[in-house]
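Residues per chain are reported as follows:
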Amino acid sequence: RSYLIRRVEAGVVRVEDAHGQPPSIPFWLGEAPGRTDELSDSVSRLRAEIQHRLRADASGEGAFRWLIQEVGIAEPAARQLVEYLAAAHAALGCLPTKDTVVFERFFDEAGGTQLVIHSVYGSRINRAWGLALRKKFCRKFNFELQAAATEDNIVLSLTTVHSFALPEVAGYLHSNSVRQVLTQALLDAPMFNTRWRWVAAVSLALPRFRGGKKVPPQLARMAAEDLVAVVFPDQIACAENIVGEREIPDHPLVNQTIGDCLTEAMDIEGLEALLRRIEAGEVQIVARDLTEPSPLALEVLSARPYAFLDDAPLEERRTQAVMARRWMSPEDASELGQLDAAAIARVREEAWPDAANADELHDALVWLGFLTVEEAQRTPDWNGWLAELAKHGRAAQIHGAKGRLWITAERLPQFRALWPSATVDPGIAAPGAYGEQQWSLDDALVEILRGRLEGLGPVTPEALNAPLGLSSAQIAAALAALEHEGFAMRGRFTPGTAEEEWCDRRLLARIHNYTLKRLRAEIEPVSAADFMRFLPVWQKVAAEARMDGPDAVDAIVAQLEGYEAPAGAWETEILPARIAGYEPAWLDDRCVAGHVAWRRLRPRLSRGNGDARPSPVRSTPITLLERRHSALWLSLPSKPVTFEPSPKAQAALDFIRENGASFFDELVEGSGLLPSQAEEALAELVALGLVTSDSFAGLRALLVPSAERRPLHGAHRRRRTVKFGMESAGRWALVRRPPAAQTAAAPDSAAVEHVARVLLRRYGVVFWRLLEREADWLPPWRDLLRVYRRLEARGEIRGGRFVAGFSGEQYALPEAVTVLRDVRRKEATGEWISVSGADPLNLVGIVTPGPRLAALTGNRLLLRDGLPVATLAAGDVQFHVALDPETEWQARKALLRSVGAASGSTRYGTGAASAATDQNSWSRLPDRPLN
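Residues numbered from 1 in each chain as written. Predicted model: local features only at pLDDT ≥ 70, side-chain atom pairs only at ≥ 80, totals over all residues. Heavy atoms only, no water.

Asks: Can you help me understand the sheet that holds strand β29 (residues 876–879) in this one?
Replies: Strand order in the open sheet formed by 4 strands is β26-β27-β28-β29, and the pairing between neighbours is antiparallel. Looking at strand neighbours, the two that pair on one side only are β26 (832–836) and β29, the edges of this open sheet. In this sheet, adjacent strand axes meet at a mean angle of 20° when their direction is disregarded. Pairing analysis gives 5 bridges linking strand β27 (residues 860–864) to strand β28 (residues 867–873), with the strands arranged antiparallel. Residue pairing in the sheet places L862 in a bridge with A870 of β28. (Pairing = 2+ DSSP bridges. Helix = DSSP H or I, 4+ residues; strand = E, 2+ residues; numbered from the N terminus. Axes fitted to C-alpha atoms, helices over the stretch in contact; angles between N-to-C directions.)

Asks: What exactly am I supposed to notice about unusual backbone geometry here?
Replies: One can expect most non-glycine residues to show negative phi and most peptide bonds to be in trans. Put simply, D425 and P426 share a cis peptide bond, and its omega is -10°. The residue D865 is not glycine, and still its phi comes out positive at about 55°. In this fold, D865 is placed in the loop between β27 and β28. Its identity is not glycine, yet A874 carries a phi of approximately 55°, on the positive side. By the secondary structure assignment, A874 is in the loop between β28 and β29.

Asks: I tried to follow the pattern of salt bridges on my own but got confused; where do I start?
Replies: Two side chains bearing opposite charge may form a pair once their charged atoms approach each other closely. Summed over the entire model, instances satisfying the criterion amount to 47 salt bridges. Between D267 and R124 there is a salt bridge, with its nearest N and O atoms 3.9 Å apart. On the criterion of sequence distance, the pair formed by D267 in the loop between α8 (252–265) and α9 (268–279) and R124 in helix α4 (residues 123–141) is long-range, its members being 143 residues apart. According to the relative accessible area criterion, R124 is partly exposed, its value standing at 24%. Measuring nitrogen to oxygen at the nearest pair gives 3.1 Å for the salt bridge that ties E350 to R510. Of this pair, E350 sits in helix α12 (residues 341–351) while R510 sits in helix α21 (residues 505–523), and the two are 160 residues apart along the sequence. (Salt bridge = Lys/Arg side-chain N within 4 Å of Asp/Glu carboxyl O. Buried < 20%, exposed > 50% of the residue type's maximum accessible area, 1.4 Å probe, protein only.)

Asks: Could you clarify how one ought to interpret the packing of aromatic side chains in this entry?
Replies: Where two aromatic rings form a pair, the distance of their centres and the angle of their planes describe that pair. Inspection of the entire model under this criterion finds 17 aromatic pairs. Ring centres 6.2 Å apart and planes at 85° place the aromatic pair F103 and W129 in the edge-to-face group. Taken as a pair, F103 in strand β3 (residues 100–107) and W129 in helix α4 lie far apart in primary sequence, 26 residues in all. Given the relative accessible area of 1%, F103 is considered buried. Between the aromatic rings of Y788 and Y811, the centroid separation amounts to 5.5 Å while the plane-to-plane angle is 25°, which identifies the pairing as stacked. (Phe/Tyr/Trp six-rings, centres within 6.5 Å; stacked < 30°, edge-to-face > 60°.)

Shown next as structure tokens:
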């Protein structure tokens, strides 16, 4: 719909429906209003302040606190702003302000380069600067450029023929002549035609109505073009008939149009003032050659048509050839200005001739220019082939100012121009047309250096001149000529070098391409096997990642919070697999201190077939969680308990409900039950998810039969005694659940966000398929997805494709991506990792192929380099890969070895499942594989 502006009052624009009237602003090339100088000053001051605080504290915490406490920005916005500017500062080495202008250049996918000027002076000055620079480049290189300008950036899309020293761009325009240059430039810009139609219509030079009807827009455009042909014929004249600059007539309509372009659409006076400050040294110019665009450059690369300074459509913009990362941390951004040393070495090796016989060596020597004696001796066969070429008069040694050089007969006239009296051994003559061409010293040196640059890659002028022995001025002049042609580019390409280097543009583009491939390989999705190599490291199960000491309990519980596992698996398998030398007393201490709690989050539901007894305590799904988060987990939707407790359990439940949290002796005395009956009642209530205790010792006492409740002996006698009695359980209390009406409703947003964060901590990378291992009562993926998208928008997590082979959106913690990359870089170690079927790492059939393994404590899974090797289920070992007898024997021993028993943790009960993983079961096997 179109709208009419009714009036502007107190800074508020009032509009009303235009009732179908055609719009008066052409939307295809409309102009967006530029921001004011005052707003640009504010942006500059904000960047300068954040830059000052980033240099004082690279972590950005100082700037983050300043934005929240003094500026008053909300925490998510402040965090996103600091991370964005910190990444830009790391990439550019500074932040653009009114006192600092940054010139950034990088290669695109098509082999061209993009020049981005970071200027915070607003779009009116940036449009003028971009248009004037576009005209200067056109005159200098005789090639039209695509350009765009926004409030903070200017982009000039260069082709493969543009080569220049980046800092020189600041001097292309001068404050005394920029007005004339810009006037000529705007004549070719879309803004002139738009402004011309406006001026012609307002001055009534064109009829608005004809025959009582409004002139259609397309006919008005044609009439405006006819009018400019009469008033300003050079504007639409054939370019072949225009010599030099267009002659602008002194006509009121033309003067008004140009004045509107210079002062309304652009700010010529502001540009002149900026150039005067640059010429006086008041504005610092920073030049950066990067491997890919910085975070600040992404805005102008994705600019919309209103920012274009030429008439190329969006689909044909060269900026579309730029590929950039979706998100970039400051650590990654700091590497944008560094080319990969391995990529440089690879390109140098590829560029150097690799001749297979004398003829190929002759062809290589023709384009390379010359070979030093040392270079010829690097390859054993080359000296013999050069002697063969010399014998046939195709090559010879010339005695230059710094020693002997191998040259071909075709190159002889060029070297004669360098050293007219140099000795050539043996004597050769240039064949055919080569001998007839006359070379000046400058032209000959340009061609010789051209060949050397094609074969050497990045090289300093001193290294180029070392075999020739010419003056530095001669070498500099020849390199400048190659740069003007667009053949060579200068910069500091080799990491760690402080000297200026030159490189063939084609080779430099290849180096950038190889560097980008290496960087993109870092963010390419890993295979499922690599992801399964990553998870044991992330979840502290791998040998080098295991934790130690009582403090490790809090870290492991925070990562596994909300995970359901059989009660008997926590201290026999899951915790000992992650904490070396695990002692049950550590968990008891954290529970008694109020940091950790255990309970059954999902109540036991009746199957409706007369089942009146809950499942045994040993297989009851128990969850460890941080006590302060209990309310969030219990607020998740769930169904009410449908089991009717037994009379004994009901008596214990009624006593606790009436008297509150009670110790075991109080429960026995108040309920009238015998101690053994009270234990059975508590076991039933725990299985129903109705009660919990202050310490994990209460659950442990229910798991261990009375006959086995004794302190540990033997190798662990020096450790703290593990208590199994009910007297050490602390108080027993009800699990406080929200009313059924609340739990049946949609989950609380805070609870959903907490669950989403916990899943990220547990797996590092989260996607839909991975959550099949989690409890089915957790929030659905659609709800979690909303949270992850919001966290990604804040910059707290990363979205992308991290694990290959799985559809849907994937999200990861930034630190998890770093660990994932490190794991992928490492070679396979062949480490055997054996985990229980109840462990969160049991992802066989979900992440890895093959049948699933039931999440039972007695089942076991053996992983090696991220692949499932064998499984143990119901006492039967199944191998998923073919192994030789010796390796199969090692795998069988590793599979049957119980991590919990090996670490000295307490085993609960007996039976087939426990016997399969007993600490002595694997040691009773024969010492060699069975045939």
